[in-house]
Structures are given as structure tokens and as C-alpha cells.
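A look at the structure
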Amino acid sequence: MDFLNAIVALANFVLIPAISYGSQLAIGALGVTLIYGILRFSNFAHGDSMAFGAMVTILVTWWMQSLGVSIHPLPTALLALPFGIAATSLMVLTTDRVVYRFYRRVKAKPIVFVMASIGVMFIMNGIVRFIIGPGDQRFADGARFIMKARDFKEMTGLREGLAFKTSQGITIIAAVLIVALLFWFLNHTRTGKSMRAFSDNEDLALLSGINPERVVMVTWIIVAALITIAGVLYGLDKSFKPFTYFQLLLPIFASAIVGGLGNPLGAIAGGFVIAFSEVTVTYAWKKIAVYLLPDALEPSGLAQLLSTDYKFAVSFVILIVVLLFKPTGLFKGQSV
Amino acid sequence: MADPFLIGDGMTGGYGKNGPDILHDCTISVEKGEIAVIVGPNGAGKSTGMKAVFGMLNLRQGSVKLGGEDITKLSPQARVRKGMGFVPQTHNIFGSMSVEENLEMGGFIRTDDISETIEQVYELFPILREKRLQAAGELSGGQRQQVAVGRALMTKPSVLMLDEPTAGVSPIVMDELFDRIIEVARTGISILMVEQNARQALEIADKGYVLVQGANAHTGTGKELLADPEVRQSFLGG
Amino acid sequence: MTQNIRTPLLFAIMAVLFILEGSTNFWVFSGSWNTSLAILNMALISAIMALGVNLQWGYAGLFNVGVMGFVALGGLATVLISMPATPGAWSAGGLRIVLGIIVGVGTILGAVQIRKKMSPGRNRGLLMIALLVLGFFAFRYVFDAGVEAIEAINPAQTGNLGGLNPGGPENYKAHGYMTLLAWPVGGLFAAGAAWIVGKTALGLRSDYLAIATLGIAEIILAMMKNEDWLARGVKNVVGLPRPVPYEVDLQKSAEFAARAEAWGTDVTTASTIAVKLSYGLLFTAVLVVLLVLAQLSLKSPWGRMMRAIRDNEVAARAMGKNVTKRHLQIFVLGSAICGLAGAMMTTLDGQLTPNSYQPLRFTFLIWVMVIVGGSGNNFGAVLGGLMIWFFWIKVEPIGNWLMMVVTSGMEDGSGLKTHLLNSAAHMRLFSMGIILLLVLRFSPRGLVPER
């Protein structure tokens, strides 16, 4: 019985949160990796573009809520998502046209693109704060839980409860769908293959008659969809606050690099590696230890390896270790 | 005499807008279904000469004609559409993509069914059929060159240009590659190639060009050049 | 216009702006010398930070986006040097903390030694992991008890180790010179952190260094927020001593009152201005010294080599230059300058508030300064620092003014009007982004380009 309780506690406090956080990171890192693979720079505006996508979705959600539109028990935000994606696509395509295209034409060094992306980051940051403000925004509705901790306890008679939030369920399902769809697109459609070809060998792709501007445009649209979805899922799961999206930049970058920049499969693996490390290192293991260990060995403290404030340190340390020992990442990425 | 099928006539120019001239009044041509080979010492402008024919550098003088049509002003991409296939010396495959995907990308500009051409490439290079689902980057050097040539053949070009196709492959593989190239020429495709291995290349060549410092030094059939004592002395090592 | 005229002209324009700020309340200017000097003081500090970043970016092409972390470390140094030691803290847990740190560092050094000495293989990996895990728990065991003991001491007021101020809790404000001592220490702290980052991340690709520095800044900040025993974390440290007199003391001094009267101002205003002026003079002195040093180094063989490396790393390497080592050198130097500036800033603020460190403000804004000013040119960096800081402060009133103009036709009390007026503050980030993009696009070498 104690063993079962320990498993349930592990699932409740570690596995489920880490899987849903990992899914969010993976979707975000897919965007970073695609931009890196096709446009060949690290996009610092990624986090704030995520905030932009989430913001538009929130605004549409509020509007729908005011009209009484609902898809209970699912959150209305899912219905608003396509609008968010459309607006974000428009936004990233505009920034590409106004900002990045020029640097592509003059074949600027990657670092110049990064600088420009910092400019875009400032602007996005300003726009989001200007429109929706810097504070916390609530927009989640519908049923909060698929499974409540209390119901689980009553059902199983265990001491530990297992709570499964709707947002976590949606996140996991969405991540599976998106990854499947994206890989199908990249591996089985002409456009997807041309994107891979362009990322692999730009000169040869040009020689083969692949239109670079089209590849870039399709990439931005996919990235817009990915970041909007990741942003909304994160907002539903935790809460929407512009600054937290900027802070997501570090774990997202870490996921993409750990997996191997430019490699979509790596981005997904990286997302989960980072998420699981963050959650396991900052979780107070006492609860589980109490079930598993004999009384004499019970830890006196919380048995928490690091305080939750250090979660960035976890992604950072993993990042550094991977960079030092395997600079191309776990899956082979580009190391230009 | 009618114009040759493809001719770069009196080409003078260099890389970039204001780069120094590398080619000086250089003429390279190839007839339909024939093999023309460019040889010469290091730094003679062999690859540059071929790239000039393909439109990768600025010509100050001279012209390039394909089948009688002046294509001097066209970009390399446009020349591909006109029926020219180009295999660069390095980075000539999509390493992370499968062999079959490489061929598909080769035929990207085509709007018709490409499966038949893929089949023809497989017949020409049977090993590629075996490895068609493997990532091209994992193949051996010789096999990769076959992928590269196969990719270029996907547009059904009338001229195939090869930049040192045998660089870095073993002598046995080199012989096999040359055999394949002859086979390609027999299907009616003109071949223009740059080669380091001058002797072997001239043996299969219908026409040979010896370039020195960006200008034509000797021109003739492959046999003539091989027999020419001066050419033998300076470039073929006696 | 030649650069010989342009540079002084741009500096003159900045001087005029500061004078206008002090003397007239026309348009968005406040007409208060007090405000003008307050902006100037922060602008001087920003200029020093920009100088540090320019050293890394302009001389060596290193992309450091962890400026915030180094600045925060400087602030930490100010507390650790200029505050008095908390009575009983050292005896309660100081030893354990020092011992804990020794255990921690020893573990890491031991792991590095194992990696160096043993041949690669499973045994080496296992041994390293075993040592690291054991070391971690040993470290936590020794360290945590010390932390607990220290944080238990009067947690509402101190609960930290405190600093080295000889005056003690009662009289530490009399030893204001300790803050000056803290400035170079701040530089040292930052240099140490930069050395660790540089050792690991330099030599990798440029954007990897960027991400690594972004990470280290977040970690430094997490540490400062979380390690209460060090500098009270988010409970903040207030009431730092000052290297300049206090306003109240000046107001009490009869001599000062007489002089204020002679200037024709009231004593209170005169005292605030005098304090700000003293800070300003101190900062200017530091800035001038650094600027001279930076200019000298730029023209020295060392500076020429740096730029040679930046412009063609491969060629420099082929000529036998140890590029990674030079990069490490300049990365440490530049970060040290940021740390120094951070210590100066905390001194000016008189308090350390970890929550106020934001990457947009302390990292990316500095970058805007360097790019706008002209990367590779020290005068450019200084000009960028002065100019961008002035605008950073003034964008808000300008934004307000703009919104007033935009909304003047709207009905009072309408939702949109209120929203626009309230959101004017966020124009800041937006306009900084626009400025950065415009300069990057149309004048990529900045206002005062490298010669």
C-alpha cells in the first residue's frame, strides 16, 4: 500500500507536471529549432512572441466569453486559438518583411540577426504590455480537473490523491498531435521536404530550384502556430504574465540546444530532459521517501535538492554540460 | 560550322562585382552526347571556368549559349530550368535526407511525375535503389557522388556539369564513376567536367581543355592531348 | 560631416538636453536640477556599463547578454563590504558556511581531477558521479545548518552575515568610504563569475555564449534572491552607508546654509543638489579614468591584436595568437567593469533590491546603448549610455504627452482613453526596440562609428 501511495504521489507531483511542462517546452523549442534550421539564428524574440500569441488568444477568449460562447468542459481558449495563430502569423510575417528580410538579402552575419531579434523582442514586449498590461491575466474556464485528488482517493482508497488538470490533459494531447502533424508535414509533403533540404544545404536547395522566400514564409507560419499554442497552453496551465514568457526563453533555448539545434526530434527530447530535471531537482522528495523508507531512515528536511528558485540553474547546468561534452546536442544538430 | 550545343565563348571575368579577373578570354564548349573535360594545374581556373558557364560569376566579356540560345544573363537557377544540371565539388547532397528524398529534391522544379526519372537513376546506379531509404550522409564517398549525380539528373538535363566528381574517392570507385559517366553520356546528355585525375579523364573525353592561368592553353580531343608531348610533359607527369 | 566635428557635437547636444531638463519645464522637461542630476548620475553609470560591454563586443565581438548578473554581483559586493557584520552571525554559522563552500568547491575540483587523471571509461564516469553526489550531500549537510543559524539571527532586520564595515551596527554610516572600497571588489566579483562562464562557454559558437551568459545572469539573480544569509535575499538591504554626506547633515551645517543662501536657493534643495553633484563628480572621475584606460588599450598593441582577432579569427589563430585566452581576458575585463558599475549603482541607490534587476533594463538596454552609440568606439559607448538613459527616462513623459495629443479628441472617461493614458508607460520598451532596429538597419556602425 505504501508503495502504491508512493507511486501515486510521484505521478501527481513529478510525472504529470513534468510531462505537461515538458510538452510546453518541446513545442516552444520546436519553434526555436525551426528558425535556427531555416533562418540560421537564435531568435531572442521567441518568448515575447509567445506572449503576443497568447495575448491575442486571451483577448478573443474574453470576447467569446462575453458573447456566451463556450465549449464546456473544454476551455474557450481552444476555440480562440485559431484567431491567435492567424494574428501571430501576420505579426511574424510582418516582422520578417520589415526586419529580417533585409539582413537575408545582404547576407548578414547570424549575430546581426540576433541583435535584430532583440529589437523585435523589445517591441513585442512593449506591445504586449501596452495592450494587456504587465499583470497576471486569467482566461481559463471550463472544467478545471479531469480527475480531482479527492475523487481519486475515494475511488481507490489510497491516502495519496492524483489530480489531473484539464489543462495538463489538453497540453499532453496537443503536444502529441502537433508533433505527429509536424513530422508528417516535414517528412511526407513536398513543402516540408523542401524545408528540410533548405535547412540541410542551402546552396544545393537553391540550385534545385527551391524558393527560399517561400520556405522562410512557411517556416514563420509554422513557428507562429507553435508559439501561439505553446503560449496558450502554458497560460492555461500556469497563468499568463508577460514577464514569465520572457523567462521561458532560457529553458526553451536550453531544450533546443540540448537536443541539438536545428533538429526537431532533438527539440522534443530536449524539452522533456529539461522539464524532468527541473521538476525532479526542485521537488521536495520527503513525501515519497516517507512511504518508501523505514521510519528510521526518514529524512528530517524536505529532501529537496534545490529550492524552486533555482530551476533556471538546472536548465543552465544541463546546457553547459551538454555544450562541453557534446556540442551538437544529444541528437545531431547543426554545429556551424 | 554550326555552334556547339553548349559554349562559353571568350569568357573574361571573376567573382563578385569588382573581383579581379580569373578567366581571360576562355572558351569551353561541348557537343550533344559528348564528354568534355577541363584539366590543368592547381589554380588554373578550371572550376571557375565551369562555374562561369553555369552563371556563378560575373562575366565582363564573352557569352554563354545553350542550343543556340544566349543564356549569358540568366541566373544559375534559371539555367537549371533551361536544362543544365550541376554537381558541385563539395556539399553536393542533402546529408540528413534519404537517398530517395535527395532525388525528389533534385526534381523539385518539375511539375510532372518524377517517379519514372527516379527509376532511371536507380537503373543507372543500382546501389542507390538498395540504399534509397538510408540517409545520404551515411553513405560511402563513391555512393554519395552517385547520389549527387543522380540528384542533378532528376531535372532531365541536356547538359550535366561535374566539378571534380572523383575528388577523394578510391581508384576503384573512380573507375566505376567514370564508367557511369560514360553511360550517362550515351543517353544523349552532354557532360562537362573538371578533373584532377587528368590522364584517366582525358581517356574517356571526346574533347579536352587544358587551362593555364584562366586561359586556354591546349585544346583537342582526349587522345590528341594525351599524345601531345608538351601536355604530357607539363600536366601528365611524363 | 567628419567625425571630428560630429562626436563633440553629439556630446554637446546631450549637455544641452541635461541643461534644458534642469532649467526649463517646457514640453517634457521637468525644470528641476535635482531630476536632471539624478538622470545624469544613472546615465554616467550606464555609460560605464556600456563601456564594459563595448570592450567585449566592440573589441572582441563577444556577445554577452548576462550584463544584469554582473551588475547584480557588484551590488552584492557593496553590501558585503560596506555594511557592518551582523553580531554573532559569524560565530553562529559563518564557519560552517565557509566550510560548506570549501566542501562544494573541493568536490568540483576533485571531479575535474578525476576527469583529467583517469582514462575515459565507465569507471571514471561512475566515480565522478559518485563523488559529485556524495559531495553535494556533504555540502548541503554542512552548509544548511550554517545558513539556518545565520538566518535565525534577528530575521526582521538582519538574518545575514553582513559586511566588513568597522563601525559596527551603531556607527557604520560614519565609515562611508567603505562603499568606495566596495567598487573594485564588485569588479572582482564580476570578474570571478565571468572567468567561470568564460572558461566553459568561450570557444563555442557566438550564440551559445549569449545563451550561457543569459543563463548565468538568471542564476546569479536566483542566488541573490534566495540566499538570505548573504544579503537578505528579497527582504532587501536598505540604509547602505554613503561615500558622500547626508542631506540632513548638510542642512544642519551652518556653513552650508550660509553658502546655499549665497547661491540664492533654499537649504533643502541645495543639499539634495550638492549630494547628487558629489555623486556625479565621483562617477565622472571613474568614467574618465576608465575611458582613458580604454582608449590607451585600444591604441596599444594589445588592442590592435584584439581587433585583429575580431576581424579575422582564423587568420589570427594561424598567426599563433591564443584566441580563446585573449577572449577570456577581455570577457573578464568587460564583466569586471559592469560589476564595478553595479557596485556604484547600488551605492547611489543606497539599497540592494534583487527584485529590481530585470534583464530588459540591465542587459538589453545596455546593448541598445552600445549599438546606438557605435560599437568599437569608446566615446560612442559613453555617448550611447548618456543618450539612451536620458531617453529611457524621458520616453515616459514624451509618451504621456503623445497620448494626451492622440486622445485629446476623445471623450473624457472613455475606456480607450483611460487605457491609452495608463499604458503610456509601456512605450519605453517599444521605443527602445524601434531605436535599436532603426540604428541597426540604417546606421549599423552607430552614431559615432569605430575609426
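Right, let's walk through the structure included here. Everything quoted here is computed from the prediction, not taken from an experiment. (Residues numbered from 1 in each chain as written. Chains lettered and ligands numbered in written order. Predicted model: local features only at pLDDT ≥ 70, side-chain atom pairs only at ≥ 80, totals over all residues. Heavy atoms only, no water.)

Side note on the pairing of strand β6 (residues 84–87) of chain B
Residue and element names in this part refer to chain B. The following threshold applies: Relative accessible area decides the class of each residue, using a 1.4 Å probe on protein chains only: under 20% of the type maximum gives buried, over 50% gives exposed, and in between gives partly exposed. To qualify as a helix, a DSSP run of H or I must reach at least 4 residues; to qualify as a strand, a run of E must reach at least 2; elements of each kind are numbered from the N terminus. Here a strand pair is declared whenever DSSP counts at least two bridges between the two strands.
Because side chains alternate across β6, one face comprises the buried residues Met84 and Phe86, and the other comprises Gly85 and Val87, equally buried. In the sheet, β6 pairs with strand β7 (residues 159–163) via four bridges, with the strands oriented parallel. Bridge pairing in β7 places Phe86 opposite Met161.

What to know about unusual backbone geometry
Omega for the bond connecting A:His72 with A:Pro73 falls within 30 degrees of zero, at 5 degrees, which places this linkage in the cis form. With respect to the helices and strands, the residue A:Pro73 is situated in the loop between α2 (46–67) and α3 (77–105). Positive phi, close to 50 degrees, is recorded for B:His91, a residue that is not glycine. Take B:His91: it is sitting in the loop between β6 and α3 (99–106). Of the residues examined, B:His91 reaches a relative accessible area of 65% and is grouped as exposed. At B:Gln213, a position not held by glycine, the phi torsion is positive, near 50 degrees. For B:Gln213, the location among the structural elements is in the loop between β9 (207–212) and β10 (215–220). Residue class for B:Gln213 comes out exposed when judged on its relative accessible area of 64%.

Digging into the interface of chain A and chain B
Definition in use: Contacts are assigned to residue pairs that have any heavy atoms within 4.5 Å of one another. Summed over both partners, buried area is the accessible surface (1.4 Å probe) that two parts give up on being assembled. Any Lys or Arg side-chain nitrogen found within 4 Å of a carboxyl oxygen on Asp or Glu counts as a salt bridge. For the purposes of these results, a polar contact is taken to be a pair of N or O atoms within 3.5 Å, where, inside protein, one atom must be able to donate a hydrogen and its partner to accept one; residues adjacent in sequence count only when each atom of the pair is a side-chain atom. Only Asp, Glu, Lys and Arg are considered charged, only Ala, Val, Leu, Ile, Met, Phe, Trp, Tyr, Cys and Pro nonpolar, and every remaining residue, Gly among them, polar.
Listed per partner, the contact involves 15 residues of chain A and 20 residues of chain B. Where chain A abuts chain B, roughly 1,600 Å² becomes buried across the two surfaces, and 56% of that area is made up of carbon and sulfur atoms. The salt bridge partner of A:Lys193 is B:Glu104, with a shortest N-O separation of 2.5 Å. Where chain A meets chain B, there are nine residue pairs in polar contact (both at pLDDT 80 or more). Elements with a contribution of two residues or more to the side of chain A that touches chain B: α7 (190–200) and α8 (202–207) of chain A. The dominant element in the side of chain A that touches chain B, judged by the number of residues it contributes, is α7(A), at six residues. Of the residues belonging to the side of chain A that touches chain B, the class tally is six nonpolar, five polar and four charged.

Details of the sheet that holds β10(B)
All names here are of chain B. Worth spelling out the cut-off: A fitted line through C-alpha atoms represents every axis, and for helices the fit uses only the stretch in contact; the resulting angles, taken between N-to-C directions, go from 0 to 180 degrees.
Judged by pairing direction, the sheet is mixed, and its six strands sit side by side in the order β6-β7-β8-β3-β9-β10 without closing on themselves. In this open sheet, the two strands that pair with only one neighbour each are β6 and β10. In this sheet, neighbouring strand axes are inclined to one another by 15 degrees on average, regardless of whether the strands run parallel or antiparallel. In this structure, strand β3 (residues 35–39) lies alongside strand β8 (residues 190–194), joined through four bridges in parallel fashion. Its bridge partner lying in β8, Ile38 is registered against Val194. Seen against the sheet, helix α1 (residues 46–54) touches β3, β6, β7, β8 and β9 and runs at an angle of roughly 150 degrees to β7.

Some words on a nonpolar patch on the surface
To keep it simple, the criterion reads: Each patch is assembled from residues with relative accessible area greater than 30% and no salt bridge, linking like charges that lie within 9 Å and nonpolar side chains (Val, Leu, Ile, Met, Phe, Trp, Tyr) that lie within 5 Å. The Shrake-Rupley method, run with a 1.4 Å probe sphere, supplies the accessible areas, and residue values consider only the shown protein chains as cover.
Judged by side-chain polarity, C:Phe26, C:Trp27, C:Trp401, C:Leu402, C:Met404, C:Val405 and C:Val406 come together as a nonpolar surface patch covering roughly 740 Å² of accessible area. Its place among the elements puts C:Phe26 in the loop between α1 (3–23) and α2 (33–60).

Re the arrangement of the chains
The assembly contains two pairs of chains in contact; the pair sharing the most contacts is chains A and C. Separated without contact, chain B and chain C have their nearest C-alpha atoms at a distance of 20 Å.

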